[in-house]
Amino acid sequence: MITQIYSIQTAKEAIDCIHAGADRIGLLVGPKDGPFPCAISEETALEIFYAIGDKAVKVLISVQDNEEDIIAQTKKLQPDVLHLCANFEGNPEFRKRLYECLPQVKLMEAVGVTGEESINDAIKKSEYADLLILDSVSTTVPGVGAAGVTHDWSIDREIVNRVPIPVILAGGLGPDNVEEAIRAVNPFGVDSLTKTSVKENGKLLHKDIELVRQFCERAKHVAQN
Ligand SMILES: O=C(O)c1ccccc1N[C@@H]1O[C@H](COP(=O)(O)O)[C@@H](O)[C@H]1O
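What you see is a predicted model, and the numbers here were worked out from it, not measured in a lab. (Residues numbered from 1 in each chain as written. Predicted model: local features only at pLDDT ≥ 70, side-chain atom pairs only at ≥ 80, totals over all residues.)

### Remarks on the site of the ligand
Close contacts around the ligand come from 28 residues, with Y6, G145, A146, L193 and T194 the closest. Mapped onto the shell around the ligand, the elements with two or more residues apiece are β2 (24–29), β6 (131–135) and β8 (189–192). Looking at the shell around the ligand residue by residue, the classes come out as 15 nonpolar, 10 polar and 3 charged. (Near = placed C-beta within 6 Å. Helix = DSSP H or I, 4+ residues; strand = E, 2+ residues; numbered from the N terminus. Nonpolar A, V, L, I, M, F, W, Y, C, P; charged D, E, K, R; others polar.)

Below, the structure written as structure tokens:
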């Protein structure tokens, strides 16, 4: 069971999460006081990815709204996985272009799980993406994800059964519910942001490394049993 931890803001936090069991480290590059809770600059992202090296899989959310800027940023930051969930949705032509420029980068498409209609959305995206991430839709954060709440896992289970590519489950996952989520959905991996972070006055501050450890341990343990 793969464990993916978002949204990392410093190199130390990334390394601490890896030591706590995270296989994939995710971050979001965007404007500092914009709508995304843990956005960091490109310079900080470069520092973090450099520190990670090959100790974990490096995942980047790009919040650019056009192909040119997304490709330019991906070339600059060299993640292992490009996660599309915000201002731009991929398509087969974009996948081809990404492969031509950066053949080593995998494309992970987010599917906002809102109802039965999400199954067809997932099937369509699975025709060109390398991975899917099934996530909840927030009322305050643009795009798909960072909602801090779960959604209907029976839809995720149906998607896992019907698409031919690996699926990561996200949306309101933490140490308290990751085992139940894995049993319900049987995903390739699980992902956490809000419930493994320290929150103060409604603002996400940084990762809680003990909660990251519990999340990763429980996810891996339930998958082995
Ligand atoms: O990481 C972010 O800041 C982010 C912003 C906008 C959309 C998605 C984002 N992150 C992804 O959302 C999941 C789930 O978050 P949560 O656990 O429900 O709070 C997060 O892990 C990223 O994959």
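### Description of the UniProt feature "domain: N-(5'phosphoribosyl) anthranilate isomerase (PRAI)" (unreviewed entry) in the protein chain
UniProt's feature table lists "domain: N-(5'phosphoribosyl) anthranilate isomerase (PRAI)" (unreviewed entry) at residues 55–217, given in the numbering used throughout. From the first C-alpha to the last, residues 55–217 spans 18 Å; its make-up is 36% helix and 23% strand. (UniProt positions renumbered as here; feature names shortened; annotations may be inferred.)

### Details of the pairing of β8
Residues G189 and D191 line one face of β8 and the alternating positions V190 and S192 line the opposite face, and both faces are buried. In this structure, strand β1 (residues 2–5) lies alongside β8, joined through 4 bridges in parallel fashion. Paired with Q4 across the two strands is D191, which belongs to β8. Bridging between strand β7 (residues 167–169) and β8 involves 2 bridges; their strand directions are parallel. Opposite I168, over in β8, you have G189 as the bridge partner. For the crossover that starts at β7, traverses helix α7 (residues 178–185) and ends in the parallel β8, the hand is right-handed. (Buried ≥ 20, exposed ≤ 12 C-beta atoms within 10 Å, placed from the backbone. Pairing = 2+ DSSP bridges. Right-handed = clockwise from strand over helix to strand, strands pointing away.)

### Quick look at the pairing of strand β9 (residues 197–200)
Residues in a regular strand project their side chains so that they alternate between the two faces of the sheet. As judged from the 4 bridges shared by β9 and strand β10 (residues 203–207), these two strands associate in the antiparallel manner. Residue pairing for β10: V198 is matched across the bridge by H206. Here β9 hands over to β10 after 2 residues, with N201 in that stretch at a positive phi of 50 degrees.

### Some points on helix α5 (residues 117–126)
For α5, the set of buried residues is S118, A122, K125 and S126. The buried residues of α5 occupy an angular sector of 100 degrees when the element is viewed end-on, so they sit on one face. Away from the buried face of α5 by more than 90 degrees, exposed residues E117 and N120 are located. On the buried face of α5, the contacting elements are β5 (106–112), β6 and α6 (153–162). (Arc of directions from axis to C-beta. Contact = placed C-beta atoms within 7 Å.)

### A short note on the environment of S41
With respect to the helices and strands, S41 occurs in the loop between β2 and α2 (42–52). For the pair formed by S41 and P31, sequence separation is 10 residues and the distance between their alpha carbons is 7.2 Å.

### A closer look at the packing of α2 against helix α3 (residues 67–77)
The contact between α2 and α3 brings their axes to 10 Å, and the two run at 40 degrees. Between α2 and α3, the angle is such that the two are oblique. Taking contact as the criterion, the partners of E42, A45, L46 and F49 in α2 are, on α3, Q73, K76 and L77. Its residues assigned to classes, the contact of α2 with α3 shows 4 nonpolar, 1 polar and 2 charged. (Axes fitted to C-alpha atoms, helices over the stretch in contact; angles between N-to-C directions. Parallel < 35°, antiparallel > 145°, perpendicular 65-115°, else oblique.)

### Observations concerning α2
Turning to α2, its buried residues are A45, I48, F49 and I52. One side of α2 holds all its buried residues, which, seen down the axis, span an arc of 95 degrees. Set apart from the buried face of α2 by more than 90 degrees, the exposed residues are E43 and Y50. Turning to α2, the residues buried within the fold contact α1 (11–19), β2, β3 (57–62) and α3. The first or second residue beyond α2 is G53, which carries a positive phi of 55 degrees.

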